[in-house]
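# Descriptive analysis of the structure
Chain by chain, the residues run as shown.
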Amino acid sequence: MISGKTKLIAHIGVPTESFQAPMIYNPWFEKQGIDTVVVPMGCEVEDYPAFLRLVFKLRNIQGALITMPHKVTTVGQLDEASRSVKICGACNAVKCDEAGRLVGDMFDGEGFVRGMRRKGRDANGASALVIGAGGVGSAIAASLAEAGIARLGLFDTNPLAADKLAASLARHYPSISITTQSNDPSGWDTVANATPLGMHADDPPPVEVERLSASTFVAEVVMGHEDTPFLAAARARGCTVQVGADMLFEQIPAYLEFFGLPSATPEELRGVSQTAIDQANAATTVREGAGSRVASNSSLISETRKATR
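Cut-offs used in this document
Residues numbered from 1 in each chain as written. Predicted model: local features only at pLDDT ≥ 70, side-chain atom pairs only at ≥ 80, totals over all residues. Heavy atoms only, no water. Helix = DSSP H or I, 4+ residues; strand = E, 2+ residues; numbered from the N terminus. Buried < 20%, exposed > 50% of the residue type's maximum accessible area, 1.4 Å probe, protein only. Contact = heavy atoms within 4.5 Å. Areas by Shrake-Rupley, 256 points an atom, 1.4 Å probe, with all protein chains shown as cover. pLDDT = per-residue confidence, 0-100. Pairing = 2+ DSSP bridges. Right-handed = clockwise from strand over helix to strand, strands pointing away. Phe/Tyr/Trp six-rings, centres within 6.5 Å; stacked < 30°, edge-to-face > 60°. Lys NZ or Arg CZ within 6 Å of the ring centre and 35° of its normal.

We now examine the overall build of the protein. A count of helical and extended segments in the protein gives eleven helices and twelve strands. A buried classification covers 50% of the 309 residues belonging to the protein. Of all intrachain contacts in the protein linking residues separated by at least 6 positions in sequence, the fraction that spans at least 24 positions is 68%. Element-wise, carbon and sulfur atoms account for 53% of the exposed surface of the protein, whose accessible area totals about 14000 Å².

We now examine the confidence of the model for the protein. Scored by pLDDT, the protein has a mean of 89; 88% of the residues are at 70 or more. Per-residue pLDDT stays below 50 along residues 299-309; that stretch engages in 30 contacts with residues further than four places along the chain or on separate chains.

It is worth spelling out the pairing of strand β7 (residues 127-131) at this point. For β7, the buried fraction is high: five of the five residues fall into the buried class. Pairing geometry for β7 and strand β8 (residues 151-155), over five bridges, is parallel. Looking at β8, one finds that A128 is bridged to L152. The handedness of the β7 to β8 crossover, carried by helix α6 (residues 135-146), is right-handed.

All right, on to the packing of aromatic side chains then. In total, this model carries six aromatic pairs according to the counting rule given. Members of the aromatic cluster, connected to one another through ring pairs, are Y25, F29, F107, Y255, F258 and F259. Against the face of F258 rests K95, its NZ or CZ located 4.5 Å from the ring centre.

Of note, the bond from V14 into P15 is cis; its omega dihedral lies within 30 degrees of zero at -5 degrees. Within the secondary structure layout, P15 lies in the loop between β1 (7-13) and α1 (22-32). For the bond from M68 to P69, the omega torsion is 10 degrees, close enough to zero to count as cis. With respect to the helices and strands, the residue P69 is situated in the loop between β3 (61-66) and α3 (71-75). With phi around 80 degrees, Q181 is a residue other than glycine that occupies positive phi space. Topologically, Q181 is positioned in the loop between β9 (177-180) and β10 (190-193).

Set out below in structure tokens:
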């Protein structure tokens, strides 16, 4: 029940129709009796800088989740940025400290590293090849560096993007051995696909799968379908794999901690969100049976179900 005491977490981006966070956070808050709610807020690009500052003037604001297309713009609005934000040049979580300063962090990569650890893989002293030097790839590389990776390979079809990320990482982590321009997966402890390849069944793999060792940890960020052809091929070679949705559910506890809220396990979050999705799906089916078509809700349910399998 929302009341005058309820704290708000603004989920800011545009368009909002595909937002998945409310279907995960809000059932968890309700189950735990946490008087906080995630509210989608569709803010246009031209209004965003002023809007972000105004949102944090609210007395009952807990924080903000930032998604596309505002992640990069957010960096310039912060009073304090984490090292991951500085490396990535993007931010997806903002809170206000006791002095009224906006503090930002980036958790995509944190979710990736937490997922690795849960599967028994430690980045400390290991090596990793990250395919894709965009927003997600940059976040993964930054979190691997923070976790103590010793050797890091970066590859992007735009060589300048990989070189730029390598230079940024080198400034903050000068002891890491960083190479670019090769997507050969042989000899790496971890190989991460941080590109859109895999969203479609006929997409080529991001690396030559035949060169993967069975001991390599292979991870995916694509969330449209869990078992992408790349992961299926890696699993067939004996590799331990991590699906894209794992990164999503592993990073939510980090968000909760950032906002000063009680944490949760990925399994708990999957459970409550799946229950909420099933209930919403059942309600939609009843309405449709009565002749009411709610296309936007059906679309959201479908997309969220894919990410929570």
